[in-house]
Amino acid sequence: MQTNFLSQQFNAGSLAENSTACPANATICDGTSCVLPEDNFNQTLSVVLSTVLTIMLALVMFSMGCNVELKNFLGHIKRPWGIFVGFLCQFGIMPLTAFLLSLAFNILPIQAVVVLIMGCCPGGTASNVIAYWVDGDMDLSISMTTCSTLLAMGMMPLCLFIYTKMWTDSDAIVLPYDSIGLSLVALVIPVSFGIFVNHKWPTKAKIILKVGSIVGAVLIVLIAVVGGILYKGSWIISPKLWIIGTIFPAAGYTLGFFLARVAGLSWHRCRTVSLETGMQNTQLCSTIVQLSFTPEQLELMFTFPLIYSIFQLLFALLILGGYRLYRRYRVKTKPDIEKTAQKEDSKSSAKINGGFVSDEIK
């Protein structure tokens, strides 16, 4: 049974006035810090917001599918070099980085486990939205997200078995296969409809894509705000986890980009692999830790998925801002004749991505 817990901090003044340090329904008491079961309002708010966010996410993924060419998408499946590079990043680099960070900062075993769970999660759907805005390869982005979610069924247990043995019994970690399956369905069905619309009505698909990309940007921010509201009582955790939550997504973006470049992928695909590597499915990580650990253990590490989510979003926005400035700077400083020649070349060889014509030379 999944149970959410909120940590309520009582000030010393109010405690001095009362003979009872903690409320009668507190499940954990440690000095002035108590953990209380989530009240009905928070449970109702969580259900309502989860429903709204799920519907919005389906609409966003439908719009992202409107930018996917079926022929190109199938091409990535038939010649999966880009997907294979993404697989190495997702289930090779990220779990190893989580393991090394846990060792380097010498955190508690239970905290090391949640960092490793985050590293073993598949890519998040927010990466598709950011990939669109940085003129990434949307066909590759969608196929990577789909494949990583599907492969997570087997790769998550394997990675956790390998890396968590020194801290805990991997059998103690409950993997919600139903949640992974639902994530896969929520991704595949809307995207499939989007691909169909793009095939039948390409002009209308571009309009849907523009609207969906804006809604997607709003959704990413909304998810971060909602997480802050629902779990505002769990922010007091070890500073080491804050540091790891900052370094981890940045390492994912950087290592993913460099591995893709070493593998010989083009620049727009390197950006795509980078985003798919650094942006993890933090909602899945939160679900796993709630199913697997006691309230006492959750108190030590429950907020880490939210910390990672915030910093992966901040770094993604920095990447987006930097790329947009780079594009604008290049356009302003190139001689007119060079821009004209590149424009002609891009018509024949550059990838058209949702109305954007990439100015990169392939």
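Quick caveat: nothing in here was measured; it's all calculated off a predicted structure. (Residues numbered from 1 in each chain as written. Predicted model: local features only at pLDDT ≥ 70, side-chain atom pairs only at ≥ 80, totals over all residues. Heavy atoms only, no water.)

Draft legend 1. Looking closely at the overall build of the protein. Across its full length, the protein carries 15 helices and five strands. Within the protein, the proportion of its 362 residues that are buried is 49%. In the protein, the proportion of contacts linking residues at least 24 apart, taken out of those at least 6 apart, comes to 81%. Carbon and sulfur atoms make up 68% of the accessible area of the protein, which totals about 17,300 Å². (Helix = DSSP H or I, 4+ residues; strand = E, 2+ residues; numbered from the N terminus. Buried < 20%, exposed > 50% of the residue type's maximum accessible area, 1.4 Å probe, protein only. Contact = heavy atoms within 4.5 Å. Areas by Shrake-Rupley, 256 points an atom, 1.4 Å probe, with all protein chains shown as cover.)

Draft legend 2. Representation of the environment of Gly 194 within the structure. Looking at where Gly 194 falls in the secondary structure, it is placed in helix H8 (residues 177–200). By relative accessible area, which is 0% here, Gly 194 ends up buried. Taking the C-alpha atoms as reference, Gly 194 lies 4.7 Å from Phe 62; in sequence the two are 132 residues apart. Among residues more than four places away in sequence, those in contact with Gly 194 are Phe 62, Gly 65 and Cys 66.

Draft legend 3. Local environment of empty space enclosed by the protein. As enumerated under the stated definition, the model contains one cavity of 30 Å³ or more in all. The wall of the largest cavity is formed by Ile 83, Gly 86, Phe 87, Gln 90, Phe 91, Met 144, Cys 147, Ser 148, Leu 151 and Glu 276. If you list the elements that add at least two residues to the lining of the largest cavity, you get helix H4 (81–105) and helix H7 (138–163). Element by element, the count of residues in the lining of the largest cavity is highest for H4, at five residues. Each residue belonging to the lining of the largest cavity can be placed in one class, and the counts come to six nonpolar, three polar and one charged. (1 Å grid on protein atoms, 1.4 Å probe; cavity = no way out; pocket = protein on both sides within 12 Å on 5 of 7 lines; lining within 4 Å. Points joined across faces, edges and corners; volume = space filled by probe spheres on them. Nonpolar A, V, L, I, M, F, W, Y, C, P; charged D, E, K, R; others polar.)

Draft legend 4. Fine view of the confidence of the model for the protein. Of the residues in the protein, 70% reach a pLDDT of 70 or more, and the chain-wide mean stands at 74. Note on residues 32–36: pLDDT under 50 across the span, and 31 contacts to partners over four residues away in sequence or across chains. Within the model, pLDDT remains below 50 along residues 333–362, and this stretch shows 48 contacts once partners closer than five positions in the same chain are excluded. (pLDDT = per-residue confidence, 0-100.)

Draft legend 5. Inspection of the packing of aromatic side chains at higher detail. All chains considered together, the criterion is met by eight aromatic pairs. Aromatic side chains Tyr 132 and Trp 133 sit 5.4 Å apart centroid to centroid with 75° between the ring planes, which places their arrangement in the edge-to-face category. Taking the centre distance of 6.0 Å and the plane angle of 90° together, the rings of Phe 257 and Phe 258 count as edge-to-face. Against the face of Trp 267 rests Arg 261, its NZ or CZ located 3.8 Å from the ring centre. (Phe/Tyr/Trp six-rings, centres within 6.5 Å; stacked < 30°, edge-to-face > 60°. Lys NZ or Arg CZ within 6 Å of the ring centre and 35° of its normal.)

Draft legend 6. Representation of unusual backbone geometry in the model. A positive phi angle, near 50°, is found at Asn 106, a position not held by glycine. The residue Asn 106 is located in the loop between H4 and helix H5 (109–120) in this model. Within the chain, Asp 135 stands out as a residue other than glycine whose phi angle is a positive 55°. Among the secondary structure elements, Asp 135 is positioned in the loop between helix H6 (126–133) and H7. In this structure Asp 135 comes out as buried when scored by relative accessible area, which is 2%.

Draft legend 7. Structural detail: the pattern of salt bridges. Per the counting criterion, the structure on display carries three salt bridges. Note that Arg 327 and Asp 135 form a salt bridge whose closest N and O atoms lie 2.6 Å from each other. Of this pair, Arg 327 sits in helix H14 (residues 304–333) while Asp 135 sits in the loop between H6 and H7, and the two are 192 residues apart along the sequence. Neither residue differs from the other here; Arg 327 and Asp 135 are each classed as buried. Close ionic contact of Asp 137 with Arg 269 constitutes a salt bridge, the shortest N to O distance being 2.8 Å. In this pair, Asp 137 sits in the loop between H6 and H7 while Arg 269 sits in helix H11 (residues 267–278), placing the two residues 132 residues apart along the sequence. Taken together, the shared-partner salt bridges in this structure form one network comprising Asp 135, Arg 324 and Arg 327. (Salt bridge = Lys/Arg side-chain N within 4 Å of Asp/Glu carboxyl O.)

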